[in-house]
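# Notes for the structure review
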Amino acid sequence: MLDKDEFRSALGQFATGVTVITTLDDEGQPHSMTANAFSSICLDPPTVMVCVAHGTHTHGYLEKTNRFGVNILKQDQQDLGAYFAKKPEDRTGGVDFHYSEAEGRIPILDGSMVFFGCEVLGSHVYGDHTIYIGLVKEMRRNESGAPLMFYNSRWYNPSAD
Ligand SMILES: Cc1cc2nc3c(=O)[nH]c(=O)nc-3n(C[C@H](O)[C@H](O)[C@H](O)COP(=O)(O)O)c2cc1C
């Protein structure tokens, strides 16, 4: 049996980019959650996946809307990555962001490096997470600047180390 803390720590050695998953809440308002359990699947059909914990609001909203956006963050959006990792009731103060709207009313987090607008093609429940497979219906790119990264349970800037 693996030690849970050791396992978490070993997984943290996998450096990732950081996304914000956008969807609509029960009132039809934009809702966002920071996520790094994101991956591409196929080029044809264009598919991606994201792994969402059952304890999140995003999980409940995704189950209803069947649509989500993936917003790949830039390094200068670290404050947004931290903000959308908090519980909604703790998201207070001083963070400036705006949404635009993609096809299917999926919220776009303005200023992100890349946006993928996805329709849920399928999902797989495992333990306390659901893996959502998204068919990418729309893509927007704005790639000036460096990507935000996460490594060893921290924000990571390779050029600063
Ligand atoms: C760098 C980072 C990556 C995260 N990745 C995920 C993830 O892939 N899936 C997930 O369910 N939660 C992830 N989280 C935690 C959620 O962002 C957090 O639980 C958030 O409060 C959920 O928001 P919601 O309840 O409003 O949906 C991550 C947090 C951080 C800081």
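See the structure shown above.
What comes next concerns the included structure. (Residues numbered from 1 in each chain as written. Predicted model: local features only at pLDDT ≥ 70, side-chain atom pairs only at ≥ 80, totals over all residues. Heavy atoms only, no water.)

This brings us to the overall build of the protein. Counting its secondary structure elements, the protein contains three helices and 12 strands. Relative to a compact globule of 161 residues, whose C-alpha radius of gyration would be 15 Å, the protein shows 15 Å and is just as compact. Judged by the C-alpha coordinates and their principal axes, the protein covers about 40 × 40 × 35 Å. Here the protein holds 161 residues, and the buried ones make up 35% of them. The contacts in the protein between residues at least 6 apart in sequence include a share of 64% that link residues at least 24 apart. In the structure as shown, the protein presents an accessible area of about 9,500 Å², 52% of it carried by carbon and sulfur atoms. Within the protein, one finds 13 positive and 21 negative side-chain charges whose respective centroids are separated by 1 Å. (Helix = DSSP H or I, 4+ residues; strand = E, 2+ residues; numbered from the N terminus. Rg over C-alpha atoms; globule rule 2.2 N^0.38 Å. Buried < 20%, exposed > 50% of the residue type's maximum accessible area, 1.4 Å probe, protein only. Contact = heavy atoms within 4.5 Å. Areas by Shrake-Rupley, 256 points an atom, 1.4 Å probe, with all protein chains shown as cover. Lys, Arg positive; Asp, Glu negative; His and termini not counted. Charge placed at Lys NZ, Arg CZ, Asp CG, Glu CD.)

What follows covers the pattern of salt bridges. Tallied over the entire structure, the rule returns six salt bridges. Here K137 makes a salt bridge to E119, at a shortest N to O gap of 3.0 Å. Placement of the pair is K137 in strand β10 (residues 129-141) and E119 in strand β9 (residues 114-126), with a sequence separation of 18 residues. We classify E119 as partly exposed; its relative accessible area is 31%. (Salt bridge = Lys/Arg side-chain N within 4 Å of Asp/Glu carboxyl O.)

Here Q78 is to be found in helix α3 (residues 78-83). For Q78, a relative accessible area of 34% translates into the label partly exposed. For the pair Q78 and T34, spaced 44 residues apart in the sequence, the C-alpha separation amounts to 10 Å. Those residues in contact with Q78 that lie beyond four places of it in its chain are L148 and W155.

It is worth spelling out the site of the ligand at this point. Neighbouring the ligand are 19 residues, the closest being H31, T34, A53, H57 and T58. The separation between an oxygen atom of the ligand and a polar main-chain atom of T34 is 2.8 Å. Protein chains bury 82% of the 650 Å² of accessible surface belonging to the ligand in isolation. Taken together, the residues of the shell around the ligand sort by class into 10 nonpolar, six polar and three charged. (Near = heavy atom within 4 Å. Polar contact = N/O pair within 3.5 Å; in protein donor to acceptor, adjacent residues only side chain to side chain. Nonpolar A, V, L, I, M, F, W, Y, C, P; charged D, E, K, R; others polar.)

So, on to the environment of L11. Position of L11 relative to the elements: it lies in helix α1 (residues 4-11). For L11, a relative accessible area of 52% corresponds to the exposed category. The spacing of L11 and E63 is 52 residues in sequence and 27 Å in space, taken between C-alpha atoms.

Right, let's get into the pairing of strand β6 (residues 67-72). Bridging between strand β2 (residues 19-24) and β6 involves four bridges; their strand directions are antiparallel. Opposite T22, over in β6, you have G69 as the bridge partner. (Pairing = 2+ DSSP bridges.)

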